[in-house]
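Spelled out from the first residue to the last, the chains are:
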Amino acid sequence: MFSSLEASALRLGQTLKSYVLWTHPRGGFHYDVMVTLILVFIFLTPRSVFKDSPAYRPLHPNEITVRQDGANSFVYDLSASSVVLDDQGATAALKRAIEPIAGSIEISRYTELRDTSGKVTGYRVWARHR
């Protein structure tokens, strides 16, 4: 004969099994508990648990992204393939690449964006409009 502890453990095991197999009828108490647990999980689980951040997406060869960086100042990200380096230097080449979309600018600084192997994949340029 089962003791009351064994019987309650057996009932708990059967209830958990029925939750996993989703055997309860719609509108019943156990069905409502399962739906509530799912909703609590969806809405209260922090994003960091899933580590779901967008992967780095390389820029299209002629794509330039722009972010404002204060009054009349912007940060431009552009692909290395859209910059034609020559003997005038990188600043002049970056200016030539950006001015067709931004108008007259003055570059205050820039940094090279590199991949894990060290290859230059793009440039980040800080510029002010004149």
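Please read these numbers as outputs of a predicted model, since none were measured by experiment.

(A) Structural view of the overall build of the chain. Summing up its helical and strand segments, the chain has 3 helices and 4 strands in all. Across the chain, helices and strands are ordered from the amino to the carboxyl terminus as α-α-β-β-α-β-β. What you see for the chain is a C-alpha radius of gyration of 29 Å, clearly larger than the 14 Å of a compact globule of 130 residues, by over 25%. Counting only C-alpha atoms, the chain reaches 95 × 35 × 20 Å along its principal axes. Residues counted as buried form 21% of the 130 residues belonging to the chain. Contacts in the chain between residues far apart in sequence, at least 24 positions, make up 34% of those at least 6 positions apart. Accessible surface, the chain as shown: approximately 9900 Å² in total, 60% of it carbon and sulfur. Averaging the locations of the 15 positively and 12 negatively charged side chains of the chain gives two centres separated by 5 Å.

(B) Region of interest: the environment of Met34. Along the polypeptide, Met34 turns up in helix H2 (residues 29–44). Looking at Met34, the relative accessible area reads 4%, which means it is buried. Considered as a pair, Met34 and His24 are 10 residues apart in the sequence and their alpha carbons are 9.3 Å apart. Residues within four places of Met34 in sequence aside, it is in contact with Tyr19, Trp22 and His24.

(C) Here's a closer look at the side chain of Ser73. Tracing the backbone through its elements, the reader meets Ser73 in strand S2 (residues 73–79). Note on Ser73: relative accessible area 9%, which makes it buried.

(D) Layout of the side chain of Thr45. Within the secondary structure, Thr45 sits in the loop between H2 and strand S1 (64–68). Of the polar contacts made by the side chain of Thr45, one reaches the backbone oxygen of Phe41; its length is 2.5 Å. Ignoring any residue separated from it by four or fewer positions in sequence, one finds Thr45 in contact with Val40 and Phe50.

The rules behind the values
- Residues numbered from 1 in each chain as written.
- Predicted model: local features only at pLDDT ≥ 70, side-chain atom pairs only at ≥ 80, totals over all residues.
- Heavy atoms only, no water.
- Helix = DSSP H or I, 4+ residues; strand = E, 2+ residues; numbered from the N terminus.
- Rg over C-alpha atoms; globule rule 2.2 N^0.38 Å.
- Buried < 20%, exposed > 50% of the residue type's maximum accessible area, 1.4 Å probe, protein only.
- Contact = heavy atoms within 4.5 Å.
- Areas by Shrake-Rupley, 256 points an atom, 1.4 Å probe, with all protein chains shown as cover.
- Lys, Arg positive; Asp, Glu negative; His and termini not counted.
- Charge placed at Lys NZ, Arg CZ, Asp CG, Glu CD.
- Polar contact = N/O pair within 3.5 Å; in protein donor to acceptor, adjacent residues only side chain to side chain.

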